[in-house]
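Fold and geometry: a report
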Amino acid sequence: MKSNNPNKFRSFIIVIHQEYGCLLLKSTKKSKYDIFQLPGGRLDEKDLLINLSEANSNSNDNNNNNNGINPIPTENAFKIAAARELYEETGLDFRNRLNMLKPLKFDLPIKWRFFYLNITNYEIVNQNQNKNYYFNIFQEFSQYFKSIMFNTKNNNTDVKNINIKLSKEHESFLFEKDLVKASQLVESHSKGICSKALLLFKQNYQIFTKY
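Residues numbered from 1 in each chain as written. Predicted model: local features only at pLDDT ≥ 70, side-chain atom pairs only at ≥ 80, totals over all residues. Heavy atoms only, no water.

In the annotation of an unreviewed UniProt entry, the entry for the chain reads NUDIX domain protein, and the organism field reads Cryptosporidium meleagridis.

And the structure:
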């Protein structure tokens, strides 16, 4: 069986803030038009290795007679890659909270996976702090009150007041409330598949965001 090529697989996150909208990242690539992207990207070799045995096991169970077909990485491998990309591109760290990334089932190429993530001011305030996920009681109360203060001071979508640590691949970001407009902004990226994903997400918004 041929080995998996990680460049074939991509994983993205539709990050939604209920007040501000959908998070989009502006690429530093030079172009006639602005290039916006969803957080995410290609799976790395290490992403595939994490669940390689599980992926091979599932592939053998489902494709006993198809030895020439490369196994598709597990959902967890896609999720790990998406969380890693989100952290590298924005500083928002959900690598130890993978359960918050909800898989989205779209009729799109199987090598592309999408997840929904609901964020609050709490994550935006604390994303640059290098702490473990498990806080003690004093820290929890402290961060809670910081979140309340942030929400009081920042009741609009002025991105100057939002603290996101961008990678070198991106020069700025925005939150777009209109998902149709968001899909148009990312249309030139990733063969238009992310644009289609946003439209499908909008069509089933109530279903995807109810849990």
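As for the overall build of the chain
For clarity, the threshold we go by: We count a stretch as a helix when DSSP gives it H or I for four or more residues in a row; a strand needs E for two or more, and each element gets its number in order from the N terminus. Here's how the labels work: a residue is buried when its accessible area is under 20% of the maximum for its type, exposed when over 50%, partly exposed in between, all with a 1.4 Å probe on protein chains only. Note on contacts: a residue pair is in contact if any heavy atoms of the two residues lie within 4.5 Å. In these tables, accessible area is a Shrake-Rupley quantity obtained with a 1.4 Å probe, and a residue counts as shielded only by the protein chains included in the view.
Helix and strand counts for the chain come out as 8 helices and 7 strands. In the chain, which comprises 211 residues, the share counted as buried stands at 45%. Long-range contacts, defined as pairs at least 24 residues apart, comprise 71% of the intrachain contacts of the chain with a sequence gap of at least 6. Counting every atom, the chain has about 12,200 Å² of accessible surface; 49% of that belongs to carbon and sulfur.

Observations concerning unusual backbone geometry
Even without a glycine there, the phi angle at Ser190 is positive, about 55 degrees. If you trace the backbone, Ser190 turns up in the loop between helix H6 (179-185) and helix H7 (193-203). Look at Ser190 and you get buried, because its relative accessible area is 13%. Backbone geometry at Lys191 places phi at a positive 60 degrees, although glycine is not the residue there. If you trace the backbone, Lys191 turns up in the loop between H6 and H7.

Notes on the pattern of salt bridges
Spelled out, the test is: Criterion for a salt bridge: a side-chain nitrogen of Lys or Arg within 4 Å of a carboxyl oxygen of Asp or Glu.
The final tally for this structure, using the stated rule, is 8 salt bridges. Close ionic contact of Lys26 with Glu171 constitutes a salt bridge, the shortest N to O distance being 3.2 Å. Residue Lys26 is located in strand S2 (residues 21-27), and its partner Glu171 is located in strand S7 (residues 170-176); the two are separated by 145 residues in the primary sequence. Residue classification places Lys26 among the buried positions, given a relative accessible area of 17%. The shortest N-O distance in the salt bridge between Arg95 and Asp93 comes to 2.8 Å. By relative accessible area, Arg95 is classed as partly exposed at 39%.

Side note on the environment of Glu19
Mapped onto the elements of the fold, Glu19 is located in the loop between strand S1 (10-17) and S2. Look at Glu19 and you get partly exposed, because its relative accessible area is 28%. When the C-alpha positions of Glu19 and Ile119 are compared, they lie 9.9 Å apart, and in sequence the two are 100 residues distant.

Regarding the environment of Lys79
Heads up, the rule is: Throughout this description, a polar contact denotes any pair of N or O atoms lying within 3.5 Å of each other; where both atoms belong to protein, one of them has to be capable of donating a hydrogen while the other can accept it, and for residues adjacent in sequence the pair is counted only when both atoms sit in side chains.
Assignment of secondary structure puts Lys79 in helix H3 (residues 75-90). For Lys79, a relative accessible area of 13% gives the class buried. Residues Lys79 and Pro103, 24 residues apart in the sequence, show an inter-C-alpha distance of 8.2 Å. Excluding residues that lie within four positions of it along the chain, Lys79 makes contacts with Ser11, Leu98, Leu101 and Phe115. A polar side-chain atom of Lys79 sits 3.2 Å from the main-chain carbonyl oxygen of Leu101.

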